Amino acid sequence: YKQTVIRAPLDLAPNAASQDQAAELLLDRSMRIQHCHDCYIYIASPLRKVLITGCNHCTLFVAGAVLVTVDNCERLKVIAGCRRLRVA
């Protein structure tokens, strides 16, 4: 079963009144993506940190982040707008 997940700022911060307010709230938050297999993940909201661990055969799109860390992944395609990309 394959699924495409798209998350916008209002999806991750439902208490915010607008997209702009949600984006401001998320600037200090982080997201961890673990053990995904054969999937497409789109993160369309700005985050401080995104940590990807143990993923195989995935495509990850990050619209904006300060730090993106990739650890212990195989055949992962990362498209990221970030200040720093760390691959371990």
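The structure we're discussing is the one just above.
Residues numbered from 1 in each chain as written. Predicted model: local features only at pLDDT ≥ 70, side-chain atom pairs only at ≥ 80, totals over all residues. Heavy atoms only, no water.

1. Section: the packing of aromatic side chains
Part 1 of the argument: The final tally for this structure, using the stated rule, is 1 aromatic pair.
Part 2 of the argument: Relative to Phe61, the ring of Tyr42 has its centre 6.3 Å away and its plane inclined at 50°; by these criteria the two rings are tilted. Highlighted residues: Tyr42 in strand β3 (residues 40-43) and Phe61 in strand β5 (residues 56-71), separated in sequence by 19 residues.
Part 3 of the argument: Assessed through its relative accessible area of 32%, Phe61 is described here as partly exposed. (Phe/Tyr/Trp six-rings, centres within 6.5 Å; stacked < 30°, edge-to-face > 60°. Helix = DSSP H or I, 4+ residues; strand = E, 2+ residues; numbered from the N terminus. Buried < 20%, exposed > 50% of the residue type's maximum accessible area, 1.4 Å probe, protein only.)

2. Focus: the nonpolar core
Soluble, globular proteins show a tendency: their nonpolar side chains are buried together.
Part 1 of the argument: Formed by 20 residues in total, the largest nonpolar core has its most connected members in Ile33, Ile43 and Val50.
Part 2 of the argument: Of all the elements in the fold, those that place two or more residues in this core are α2 (19-26), β2 (30-34), β3, β4 (47-53) and β5.
Part 3 of the argument: Looking at this core, the element that brings in the most residues is β5, giving 6 residues.
Part 4 of the argument: When sequence neighbours within four positions are dropped, the list of residues in contact with Val50 reads Met31, Ile33, Ile43, Val62, Ala65, Leu67, Val68 and Thr69. (Core = buried A, V, L, I, M, F, W, Y, C linked by side-chain atoms within 4.5 Å. Contact = heavy atoms within 4.5 Å.)

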